[in-house]
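Residue-level listing of the chains:
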Amino acid sequence: MNPALLSAPPSSQHPLLLSFPTFRFRPTSLSKRRRFKFFSPLNSLSSSSPSTSDQSPSSANLTTPGIFGSKKDLDGIQPVLDQLSPSIRLTTSAIFLAGAVAAGYGLGLRFSGTRNGALGGAAILGAAGGAAVYAANSAVPEVAAVNLHNYVAGCDDPGAVKKEDIENIAKKYGVSKQDEAFHMELCDLYCSFVCSVLPSENEDLKGDEVDKILNFKNALGIDDPDAAAVHMEIGRRINRQKLETGDRDGNIEQRRAFQKLIYVSTLVFGEASSFLLPWKRVFKLTDAEVGIAIRENSKRLYAYKLNSLGRDIEPKQLIALREAQLNYRLSDELAEDLFRDHTRKLVEENISAALSILKSRTRAVGGVQQAVGELDRILAFNSLLISFRDHTDADRFARGVGPVSLVGGEYDSNRKMDDLKLLYRAYVTASLSGGRMEENKLAALSQLRNILGLGKQEAEAITLDVTSKVYQKRLSDAVQDGKLEMADSKAAFLQSLCDELHFDAEKASKIHEEIYQKKLQQCVADEELDDKDVAALLRLRVMLCIPQQTVDAVHMDICGRLFEKVVRDAVASGVDGYDADVRKAVRKAAHGLRLTREAAMSIASKAVRKVFLTYVKRARSAENRTESAKELKKMIAFNRLVITELVADIKGESSDTPSDESVKEELRRFDEIGGWEHLQTLKKIRPDKELTAKMGKPGQAEITLKEDISERDRMDLYRTYLLYCLTGEVTRIPFGAQITTKKEDSEFLRLNQLGGILGLTMKEIVDVHRSMAEQTFRQQAEVLLADGQLTKARVDQLSELQEQVGLPPEYAQKIIKSITTSKMAAAIEKAIAQGRLSIKQIRELKDAGVNLDTMIPESLRENLFKKTIDEIFSSGTGEFDEEEVFDKIPSDLKINDQKAKRVVHELACSRLTNSLIQAVSLLRQRNHQGVVSSLNDLLACDKAVPSEPLSWDMPEELADLYGIYARRNPESEKLVRLQYLLGLSDSMAAALRETGEEVLSTGKEEKFIF
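Notes on the overall build of the protein
Reasoning step 1: A tally of helices and strands in the protein yields 44 helices and two strands.
Reasoning step 2: Relative to its full complement of 1010 residues, the protein shows a buried share of 43%.
Reasoning step 3: In the protein, the proportion of contacts linking residues at least 24 apart, taken out of those at least 6 apart, comes to 74%.
Reasoning step 4: For the protein, the exposed area adds up to about 53200 Å²; of that, 51% sits on carbon and sulfur atoms.

Some remarks on helix α20 (residues 490–501)
Reasoning step 1: Taking 1.5 Å of rise per residue, twelve residues should cover 16 Å, and α20 covers 17 Å from first to last C-alpha, within 8% of that figure.
Reasoning step 2: Along α20, the residues classified as buried are K490, L494, L497, C498 and L501. One face of α20 carries all of its buried residues, which in axial projection span an arc of 100°.
Reasoning step 3: Where α20 is buried, its residues touch α18 (456–480), α19 (483–486), α21 (505–523) and α22 (531–544).
Reasoning step 4: Positive backbone phi, approximately 55°, marks H502, located one or two places after α20.

Quick word on the pattern of salt bridges
A side chain with one charge can pair with a side chain of the opposite charge if their charged atoms come near.
Reasoning step 1: Within the structure shown, the criterion is met by 42 salt bridges.
Reasoning step 2: For the salt bridge of E349 with R311, the shortest nitrogen-to-oxygen distance reads 3.2 Å. Remark: R311 occurs in the loop between α12 (287–306) and α13 (315–327) and E349 occurs in helix α14 (residues 332–359); sequence separation between them is 38 residues.
Reasoning step 3: The salt bridge partner of R594 is D531, with a shortest N-O separation of 3.0 Å. One end of the pair, R594, is in the loop between α25 (580–592) and α26 (597–620); the other, D531, is in helix α22, with 63 residues separating them in the sequence.
Reasoning step 4: Among the ionic contacts, a cluster of salt bridges with common partners joins R436, E438, R474 and E500.

Looking at the environment of E233
Reasoning step 1: Mapped onto the elements of the fold, E233 is located in helix α8 (residues 224–245).
Reasoning step 2: Residue classification places E233 among the buried residues on the basis of a relative accessible area of 0%.
Reasoning step 3: Along the primary structure E233 and C191 are separated by 42 residues, whereas in three dimensions their C-alpha atoms are 8.8 Å apart.

Focus: the packing of aromatic side chains
Reasoning step 1: For the coordinates displayed, the defined rule picks out nine aromatic pairs.
Reasoning step 2: Residues Y471 and F503 carry aromatic rings whose centres are separated by 5.2 Å and whose planes lie at 35° to one another, so their mutual orientation is tilted. Taken together, the positions of Y471 in helix α18 and F503 in the loop between α20 and α21 put the pair 32 residues apart, joining distant regions of the chain. Each member of the pair, Y471 together with F503, is buried.
Reasoning step 3: A network of ring pairs unites the aromatic residues F258, W279 and F283 as a single cluster.

Quick notes on the environment of T596
Reasoning step 1: Here T596 shows up in the loop between α25 and α26.
Reasoning step 2: Judged by its relative accessible area of 47%, T596 is partly exposed.
Reasoning step 3: Spatially, the C-alpha atom of T596 lies 9.3 Å from that of M556, the residues being 40 residues apart in sequence.

Brief notes about the nonpolar core
Reasoning step 1: Of all hydrophobic cores here, the largest spans 187 residues; its most connected members are Y190, W279, I351, Y471 and F563.
Reasoning step 2: Apart from residues no more than four positions distant in its own chain, F563 is found in contact with V586, A589, A590, L593, L595, A600, I603, A604 and I650.
Reasoning step 3: By size, the runner-up hydrophobic cluster in this structure holds 50 residues, among which are L893, L958, A966 and L978.

Some words on the packing of α12 against α13
Reasoning step 1: Relative orientation of the contacting elements α12 and α13 amounts to 165°, with a least axis distance of 10 Å. Classified by the angle their axes make, α12 and α13 are roughly antiparallel. Considering only the axes of α12 and α13, their crossing is right-handed. Along the contact surface, α12 presents Y302, K305 and L306, while α13 presents L321, A324 and Q325.

Some remarks on helix α38 (residues 858–873)
Reasoning step 1: When the terminal C-alpha atoms of α38 are compared, their 23 Å separation across 16 residues agrees well with the 22 Å that a helix rising 1.5 Å per residue should span.
Reasoning step 2: Residues of α38 that are buried include every one of L860, R861, L864, F865, T868, I869 and F873, and no others.

Details of the environment of D581
Reasoning step 1: Secondary-structure assignment places D581 in helix α25.
Reasoning step 2: Expressed as a C-alpha distance, the spacing of D581 and A570, which sit eleven residues apart in the sequence, is 9.8 Å.

A short note on unusual backbone geometry
Reasoning step 1: Positive phi, close to 60°, is recorded for K284, a residue that is not glycine.
Reasoning step 2: In this structure, K284 sits in the loop between α11 (279–283) and α12.
Reasoning step 3: Owing to a relative accessible area of 59%, K284 belongs among the exposed residues under this scheme.
Reasoning step 4: A positive phi angle, close to 60°, is found at R926, a residue other than glycine.
Reasoning step 5: Of note, R926 is situated in the loop between α40 (897–924) and α41 (928–944).

Some remarks on the layout of surface pockets
Reasoning step 1: Taken as a whole, the second largest pocket encloses approximately 440 Å³ of empty space.
Reasoning step 2: Residue lining of the second largest pocket: 19 residues in total, with A459, E460, T463, L464 and H502 positioned closest to the centre.
Reasoning step 3: Listing elements by their share of the lining of the second largest pocket, those giving two or more residues are α17 (439–452) and α18.
Reasoning step 4: Considering each element in turn, the lining of the second largest pocket owes the most residues, eight residues, to α18.
Reasoning step 5: A class-by-class count of the residues in the lining of the second largest pocket yields nine nonpolar, five polar and five charged.

A short note on a negative patch on the surface
Reasoning step 1: On the surface, D881, E882, E883, D887 and D897 cluster together to form a negatively charged patch.
Reasoning step 2: Looking at which element gives the most residues to the negative patch, the answer is helix α39 (residues 882–893), with three residues.
Reasoning step 3: By secondary structure assignment, the location of D897 is in helix α40.
Reasoning step 4: Take D897: its relative accessible area is 39%, and that puts it in the partly exposed class.

What about the confidence of the model for the protein?
Close inspection of predicted coordinates is inappropriate in any region flagged by low pLDDT.
Reasoning step 1: Of the residues in the protein, 76% have a pLDDT of 70 or more, and the chain-wide mean is 76.
Reasoning step 2: Confidence over residues 1–64 falls short of pLDDT 50; this stretch has 167 contacts with residues more than four positions distant or in other chains.
Reasoning step 3: Contacts of residues 997–1010 to residues separated by more than four positions or lying in other chains number 18 contacts, the stretch itself having pLDDT below 50.

A short note on the state of the cysteines
Reasoning step 1: For the structure on display, the rule yields zero disulfides.
Reasoning step 2: Take C195: it sits in no disulfide, and the sulfur closest to it among the cysteines is that of C191, at 4.2 Å.
Reasoning step 3: By relative accessible area, C195 is classed as buried at 0%.
Reasoning step 4: C559 takes part in no disulfide bond, and the closest cysteine sulfur to it belongs to C523, at a distance of 9.4 Å.
Reasoning step 5: Residue classification places C559 among the buried residues on the basis of a relative accessible area of 0%.

Quick look at the packing of helix α27 (residues 625–651) against helix α32 (residues 746–758)
Reasoning step 1: With their axes 10 Å apart at the nearest point, α27 and α32 run at an angle of 75° to one another. On the basis of their axis angle, the class for α27 and α32 is roughly perpendicular. For the pair α27 and α32, the contacting residues are L632, K633, M635, I636, N639 and R640 in the first and E747, R750, Q753, L754 and I757 in the second.
Reasoning step 2: Of the residues belonging to the contact of α27 with α32, the class tally is five nonpolar, two polar and four charged.

Calculation rules
Sequence order as written defines residue numbering, which begins from 1 separately in each chain. The model is predicted, so local features are restricted to residues of pLDDT at least 70 and side-chain atom pairs to those at 80 or more, both for listing and for counting; the totals for chains, interfaces and linings are taken over all residues. Think of the side-chain values as coming from all heavy atoms in the structure, minus any hydrogens and water. Working definition: helices are DSSP H or I runs of at least four residues, strands are E runs of at least two. Numbering for both runs from the N terminus. Each residue gets one of three labels from its accessible area relative to the maximum for its type: buried under 20%, exposed over 50%, partly exposed in between, using a 1.4 Å probe on protein chains only. Note on contacts: a residue pair is in contact if any heavy atoms of the two residues lie within 4.5 Å. Under the convention used here, a 1.4 Å probe and the Shrake-Rupley method define accessible areas, while residue burial counts only the protein chains that appear. By definition here, a helix of n residues has an expected span of 1.5 Å times n minus one. Each C-beta atom gives one direction from the helix axis, and the arc is the one those directions make. For this analysis, a salt bridge means a side-chain nitrogen from Lys or Arg found within 4 Å of a carboxyl oxygen belonging to Asp or Glu. Aromatic pairs are defined between Phe, Tyr and Trp rings, using the six-membered ring for Trp, whenever the two ring centres lie within 6.5 Å; interplanar angles under 30 degrees are classed as stacked, those over 60 as edge-to-face, and all others as tilted. Nonpolar core, defined: a set of buried Ala, Val, Leu, Ile, Met, Phe, Trp, Tyr and Cys residues in which side-chain atoms within 4.5 Å join the residues together. Lines fitted to the C-alpha atoms define the axes, with helices restricted to the stretch that makes contact. Angles between their N-to-C directions range from 0 to 180 degrees. Should an angle lie under 35 degrees it is considered roughly parallel, over 145 roughly antiparallel, and from 65 to 115 roughly perpendicular; all remaining angles are considered oblique. In this scheme, a crossing is called left-handed if the near helix is turned counterclockwise away from the far one by less than a right angle; it is called right-handed if the turn is clockwise. Here a cavity is any set of points on a 1 Å grid over the protein atoms alone where a 1.4 Å probe fits but cannot get out, and a pocket is any open set with protein on both sides within 12 Å along at least 5 of 7 lines; a residue lines the site when it has an atom within 4 Å of a point. Grid points are joined across faces, edges and corners, and a volume is the space filled by probe spheres set on the points. Ten residue types, Ala, Val, Leu, Ile, Met, Phe, Trp, Tyr, Cys and Pro, are classed as nonpolar, four, Asp, Glu, Lys and Arg, as charged, and the remainder, Gly among them, as polar. Surface patches are drawn from residues lacking salt bridges whose relative accessible area is over 30%; two like charges belong together within 9 Å, two nonpolar side chains (Val, Leu, Ile, Met, Phe, Trp, Tyr) within 5 Å. Counting rule for charge: Lys and Arg are taken as positive, Asp and Glu as negative, and neither His nor the chain ends is counted. To locate a charge, take NZ of a lysine, CZ of an arginine, CG of an aspartate or CD of a glutamate. The quantity called pLDDT is the predictor's confidence in a given residue, expressed from 0 to 100. Disulfides are defined as cysteine sulfur pairs within 2.5 Å.

Here you go:
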């Protein structure tokens, strides 16, 4: 069978089974499959023609139609056999057989006249009589089958069929249930009943089909294997109908019918269905396809069972559901999902009803209460389900009993969230309709939030909105009737109001602040606060218990915006537009809005700093330093002519003469200079009486850019203007020439004002002047000391230069030393790189006071150390002074001792082998002096790092080396050590020393391996 039989969607167009023609197959030796007669079921939606039988036309006739067909009539000898009991039938058969024998004997004797003829006649008629008796007895099972059919067909209710009546029919005729005709009738009746019980394709199972089939099967007394064969035959018939139908809709119907048959059959035979019903083998199905059929039909049955469950659930109903689930062979997970889907649909009905009421345009009076009533039903239903979790029989209840959730339903979408919020808002409003929030309503709101699936923040926002309105209404009533003002403790009164509404005190304080803001906005509508307004605001503040900090913040926000507008207009008026009217408006706003001086200055500072930053931005983007200085100069003038006047108007002071505090502060700043008072540029920024009188009123320094620009950028701007003061204005003319206009000392006073605008401290200003002085001194000193030689004449020139810039002597000397040191360091590095500097010269420089560790990089000092050690190992003397190499040289070069030892060890190991190879090479070249030098280098390396005896492929060459070295009369210690390194025995060494002749190996092919 096609596996798609079990996976197609449901259809409702065709009936479960079409009309089945009556057919019967006798079991033969070729096939043991039984075939049964099928009749049209009562629930079939299609009409069928009368079925035909494969028996003889006279065997049965249709009378009254029904589930099992019409009753059958007896024909031929069957009516006679029907009247005979088994005992009478046996007696009659015996009498008939005896009579036939006697008649044959008489006729044979009569016609033949002999005894043999009589016996022959008796045998012939006896055989004929026996055949007749056999034929009559063979028809008895057919008679019993007809009576069985008529008995079952005659029952109005198939459930009325009794097992005892079936057994009595078999006993009446003396037949067994295993008799072929009787057994076939049993199977035909069972098949007809199963087909009638199974619903059509457009209907679902009702749940009673299995019990009906089991009861009828037990009443018929049919065995499970025979009944299973009937079920399998029904499946084959459905499969054949699927092939005969041929269209898509018909295939879908047959698939649904087949799924129902598999599910019902599985429940009928229970655990035995796995081997009694070979669906997979016969119809080529998989376990998954069979599982789908069982799962889908069990889900439909359980859902049908759940439809009878309303909102008034009782424990016995839940127990019955659990039993039904187990009978339907439905998993706990699916049962839980179905139960929750059912409860969700019940809740969705209430939600839809509540929403239709709230959204109705013709909502009647009390419509909100009706909607709230629907929500109360939801809450009651949810509470009932929650209570079942603690029931004593909770383990026996249906799975999925618990709180209701809308997840996965109609309202589980963002588009429905506004509707759910509307319901929650309606319930919160109804809960606060009495002016207070009861404890039980809080718990109900919590449950409702969980049911509707609202987030905590969303629910709190809705509750806060509704509660805020109710709180404002009650607060307004308390103010109007005077209860709040007459209360002994206004804080206690407000707290009790919050407690009744379960309203957060902080949220209430926010509302108080909003009320105070609205009142203040009304009072400053004319941009001024009079005494009456101040008194009204004070009264409101006392009643609402608003802290002074909050009051100040509100005043800063509302009055500050008005004052900020006035300040922006004043600043935007510019140097020429800041006249008496503008000053009057500033003074009125500063004092009429009742702002503190600090608050007014803070507001003015924001507006002024924006303008200052505009000047700074233009200065940074200028083409050259002169243009940048001009923009800064404009900012200085703007600060002196406009901002200084603005600050004075805010404070209520006169800007014509500086205050004593500002003068003292200026003098105090210059007292912090310390030892830098000799700097010429720093002297010029200190104002004197003549320049001050010439410049007029000084600029303010309270509003600065200290917090808006980094310290480095502020010092760069100050340095730019300082250079402008020193160099003057440069004008370029054609042919690449330029004209420099000398600046007056008054520019240094503007420089001082610029430092105040930038918010620079005196220390930062001194740092800028000092760096400029050092830069000037260094540039000219480098020109004088270009060759690194410091003569007396140059010293005098440098002293004069120092006095000109006002740089302290110690700083001048430090610069001079750094220049000479850098020149010397460059010369030393060059000498080291060219190999012209040895350890001896390094020691001479050290004795002369040269600081090598700062003048020569560590990498160069390490290279010089390696070069020195390499020279020792290649000197050819064989000498190695450990103290000199490991202590003195590293100390002179400022090298780490451990690092120096590691370098010596690496060089000695590499040179040791190379010295032996070089000695052999020189031996073959007959360069005996070179051989001795190479062996001395070998001994020097051995002194640095003691070595094991060396190996060589041609030992005679090692002997030649030893002989050549011994003839030079070296020290005995060196000779003994060389003998050890070359691996020579004492006897060979003695022989070589005694001969004193060259021992050279010749005439042999030289072959060695490096």
